[in-house]
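Structure at a glance
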Amino acid sequence: MINRGLCWNSGRVREILLIAVMSLYAVQSSANVPLDDQRALFREAVTDAREGRVNEATAAITALGDYPLVPYLQLELFKAKLFALSHDEAKAQLNEHANSIVGSYMERAWVTRLVRNRNWEAFLQFTGSTPPGGLQCEYITALRATGRDADADRFTRKLWNTGYSLPERCDTVLANWLYRLSTEQKETVHWTRARLALQQGQSGLAEYLLRDIQKAELARDILTKPDLLYQKGHVLEVNDFNRLLVIHTLQRLAAKDFQASNTLWHQLNLRFQFTAKENYALRDRFAREIIAGGADFARNWLDANDRQFEDHYLTEWRVRLALKDRDWEAVQRYIAALPENVRHKADWKYWWARADIEQHQRMTPQAKAVLNALASERGYYSFLSADLLRKKYQLGGERTVNTKLIPEVENLPGMLRARELHWHGFVANADTEWRRAVRSLSQEQQVAAAQMALDWGWSNAAVLTALRAKEWDDLELRFPLAFQETFEQSASNAGIELNWAYAIARQESAFAEHAQSRVGARGVMQLMPSTARGVARDMGRAYPTLGDLHTPAINIEMGTYYLGQLRKEFGGNHILATAAYNAGPQRIKRVLERQTEVIPADIWIENLPYGETREYIKNVLAFSVVYGLKLKGCKSPSVQTGCNAYGDGRYAVIAPNLYVADKDANTDGVRRAEDL
């Protein structure tokens, strides 16, 4: 674990430290001040700046000497003095840090100050002819306030034309623009934006935009109550907007009543004459719903709606359903109908060989050749192939890092800043500096940088940099034993296999403690705050703060505990627990409730109707093998059943209703997955 530095509470201690470091710096003008002293002084100086002790923080700049994070202390001082700076003083500091990450932070702070002071002329002079990101509405306000109405109108129209809701702070900007339009123009722009909203699936926004528009009553009603399309679809005027409305509503109805909406689709197609592209989109959506619903007539529907195998997505689902039926002849026939570039992917090559074995009830030479080729590689289907051949898994790891390059890379200014920021625990800032520095490196230097990050204990940077360098076979860089002591203790306490815990974290965030997903999952194991609260309650501890979820020790402990809960909830089956960790336990329970027979695990995974979760499970199972082979406590890992697996124990099955039915479902998963 990296030492995050010292915490100073006494002003007297800070004064002594500053005097000592400055004295040492004066004596050693040509030598480096000890790094530990620089780190301690930097932390105190940042605290001083943030708490308004500007003079003390300013004095520390000289004492810090060549410390890489002096620019970040200057940033803190810039923000501390923000509202006292003159334009010339601000400009001088911005010029000093131009084209740097610190400079971009300063620019953002200065622009924010100009906005708060409503200094619109200076704001426009500073930003130029392009609105800064996230401040389009403020830019338009500035244009309007300085009498540049034509430019304000032009930028507002561009802002308006989006299919998504805009921030509330933009309301006045939009209202000023709309006020200048005629009634006819207002109706036109509202129809235009409502159409854009429908294209993005934003039915609520579309309905809102049409509230005050004449002749939009029926469209509003259908947006509010989609079922009205059954009664009113045949009287809708045929025009571009209503065509889009009908398509959008049919897609919504497909999730509620597939059969009725399927009939309505074909009826309204006669009236609206959907284009081939529109019918393709509808067919795709209906296919997803029928497959997700597990309808018995799904196979017949697919045959009727894609007779010529034009859509390889639908053909792939024909393969999956044939696997579910154990119709091995159909499996091979449908695989043969896939486009060549799809047919030769690892998954379909594996299933072709598996079907060939099942049909002939023996290992055929053709199947053996395919499986041997797959088993020589590393991956989910490669490990499945090796099991069929009764062979050992092949990882194929190879290290090519040139360690002689590390000193050169480590002393690059951006790398020095990244290292120090990471040491202080400013992980997001460190990540930003690291990514910019890595972009300018050669492939060989990037590999050296990845090793350097691993040596620092920064596993996330090591993983991502190795991937950027396409260093696929360096398994030390790609699959590090991050936060090892914490993972070992937490997995042991939760009663789960260590390699599985590592695989989940590697898939979730690649060990990024600062990670935050688009839906709000946080930290190394990507816990949703709501999930974490439920876990904390079960653990008998206080609810975690958002900061806690970005603390590796807390996040890993709670994440592994939750994995242990899920495995118990799903009858000890780690495949189902993995699926539930990604898609949510209730979704997986619904899949099991529709299941009527015991299904081999590889076929069950292939038929899971959530595309993201299918790939998630495959990655986690493959990563579990890699980590299992790295860890001493995991003997003979199986891609299906975990550690200590031999003979037929290397194969798993999924039984229906394999979960605790009366479990109090206090969470619905770490992260939602997109269907199919």
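To start, this report covers the structure provided alongside it. None of the values given here were measured: they were computed from a predicted structure.

Right, let's get into the overall build of the protein chain. Helices and strands together make up the secondary structure of the protein chain, namely 39 helices and 2 strands. Seen through its principal axes, the protein chain has C-alpha atoms that stretch 85 × 75 × 50 Å. When each of the 676 residues of the protein chain is scored for burial, the buried share is 51%. A sequence separation of at least 24 residues applies to 60% of the contacts in the protein chain between residues at least 6 apart. Per element, the accessible surface of the protein chain, about 31,600 Å² overall, is 48% carbon and sulfur. When the 85 basic and 81 acidic side-chain charges of the protein chain are each reduced to a single mean position, those positions are 1 Å apart.

Moving on: the nonpolar core. Ranked by internal contacts, the top residues of the largest apolar core, which has 111 residues, are Leu73, Phe78, Phe123, Leu229, Met415 and Trp434. When neighbours within four sequence positions are excluded, Trp434 is seen to be in contact with Met415, Ala418, Ala449, Met452, Ala453, Trp456, Trp458, Ala461 and Thr465.

Looking now at the state of the cysteines. For the structure shown, the criterion picks out 2 disulfides. The disulfide partner of Cys137 is Cys170, and the gap between their sulfur atoms is 1.7 Å. Sign of the S-S torsion, about 95° for the bond between Cys137 and Cys170, identifies this disulfide as right-handed. In this pair, Cys137 sits in helix H8 (residues 136-145) while Cys170 sits in the loop between helix H9 (149-160) and helix H10 (171-179), placing the two residues 33 residues apart along the sequence. Between the sulfur atoms of Cys634 and its disulfide partner Cys643 the distance amounts to 1.9 Å. Between Cys634 and Cys643 the sulfur-sulfur dihedral comes to about -105°; the bridge is accordingly left-handed. Summarising the burial analysis for this pair, Cys634 and Cys643 share the class buried.

Our next topic: helix H19 (residues 312-325). Compared with the 20 Å implied by 1.5 Å per residue over 14 residues, the 20 Å span of H19 between its first and last C-alpha is a close match. Within H19, 11 of the 14 residues are buried, which leaves the element mostly enclosed by the surrounding structure. Within the span of H19, buried status applies to Tyr313, Leu314, Thr315, Glu316, Trp317, Arg318, Val319, Arg320, Leu321, Ala322 and Leu323. Between the side-chain oxygen at the start of H19 and the backbone nitrogen of Tyr313 there is a gap of 2.9 Å, and the oxygen is on Asp311. Immediately beyond the C-terminal end of H19, within one or two residues, lies Arg326, with a positive phi of roughly 55°.

With that settled, consider the environment of Val626. With respect to the helices and strands, Val626 occurs in helix H39 (residues 611-630). Considered as a pair, Val626 and Gly294 are 332 residues apart in the sequence and their alpha carbons are 34 Å apart. Dropping the residues within four chain positions of it, Val626 is found in contact with Arg378, Leu395 and Phe479.

Relative to the helices and strands, Glu76 is located in helix H4 (residues 70-80). Using a relative accessible area of 10% as the deciding quantity, one classes Glu76 as buried. In the structure, Glu76 is positioned 28 residues away from Asp48 in sequence and 9.3 Å away in space, judged by C-alpha atoms. The residues touching Glu76, leaving out its near neighbours within four places in the chain, are Val46, Ala49 and Arg50.

Now for the packing of aromatic side chains. In total, this model carries 25 aromatic pairs according to the counting rule given. Judged by centre distance (5.8 Å) and plane angle (75°), the rings of Trp434 and Trp456 are edge-to-face. Note that Trp434 is positioned in helix H27 (residues 427-439) and Trp456 in helix H28 (residues 443-456), a separation of 22 residues in sequence. Residue classification places Trp434 among the buried residues on the basis of a relative accessible area of 3%.

Another point: the packing of H27 against helix H29 (residues 459-468). Between H27 and H29, the shortest axis-to-axis distance is 12 Å and the interhelical angle comes to 25°. One element, H27, and the other, H29, form an angle in the roughly parallel class. Considering only the axes of H27 and H29, their crossing is right-handed. On H29, the residues that touch Asp431, Trp434, Arg435, Val438 and Arg439 of H27 are Asn460, Ala461, Leu464, Thr465 and Arg468. A breakdown of the residues in the contact of H27 with H29 according to their chemical character gives 4 nonpolar, 2 polar and 4 charged.

Our focus in this paragraph is the environment of Arg144. By secondary structure assignment, the location of Arg144 is in helix H8. Residue Arg144 is classed as buried on the basis of its relative accessible area, which comes to 18%. Those residues within four positions of Arg144 in sequence are excluded, and the remaining contacts are Asp149, Ala152, Asp153, Thr156, Trp177 and Arg180. A distance of 3.5 Å separates a polar atom in the side chain of Arg144 from a polar atom in the side chain of Asp149.

So, how was this worked out
- Residues numbered from 1 in each chain as written.
- Predicted model: local features only at pLDDT ≥ 70, side-chain atom pairs only at ≥ 80, totals over all residues.
- Heavy atoms only, no water.
- Helix = DSSP H or I, 4+ residues; strand = E, 2+ residues; numbered from the N terminus.
- Buried < 20%, exposed > 50% of the residue type's maximum accessible area, 1.4 Å probe, protein only.
- Contact = heavy atoms within 4.5 Å.
- Areas by Shrake-Rupley, 256 points an atom, 1.4 Å probe, with all protein chains shown as cover.
- Lys, Arg positive; Asp, Glu negative; His and termini not counted.
- Charge placed at Lys NZ, Arg CZ, Asp CG, Glu CD.
- Core = buried A, V, L, I, M, F, W, Y, C linked by side-chain atoms within 4.5 Å.
- Disulfide = S-S within 2.5 Å.
- Expected span 1.5 Å × (residues − 1).
- Polar contact = N/O pair within 3.5 Å; in protein donor to acceptor, adjacent residues only side chain to side chain.
- Phe/Tyr/Trp six-rings, centres within 6.5 Å; stacked < 30°, edge-to-face > 60°.
- Axes fitted to C-alpha atoms, helices over the stretch in contact; angles between N-to-C directions.
- Parallel < 35°, antiparallel > 145°, perpendicular 65-115°, else oblique.
- Left-handed = near helix turned anticlockwise from the far one by under 90°.
- Nonpolar A, V, L, I, M, F, W, Y, C, P; charged D, E, K, R; others polar.

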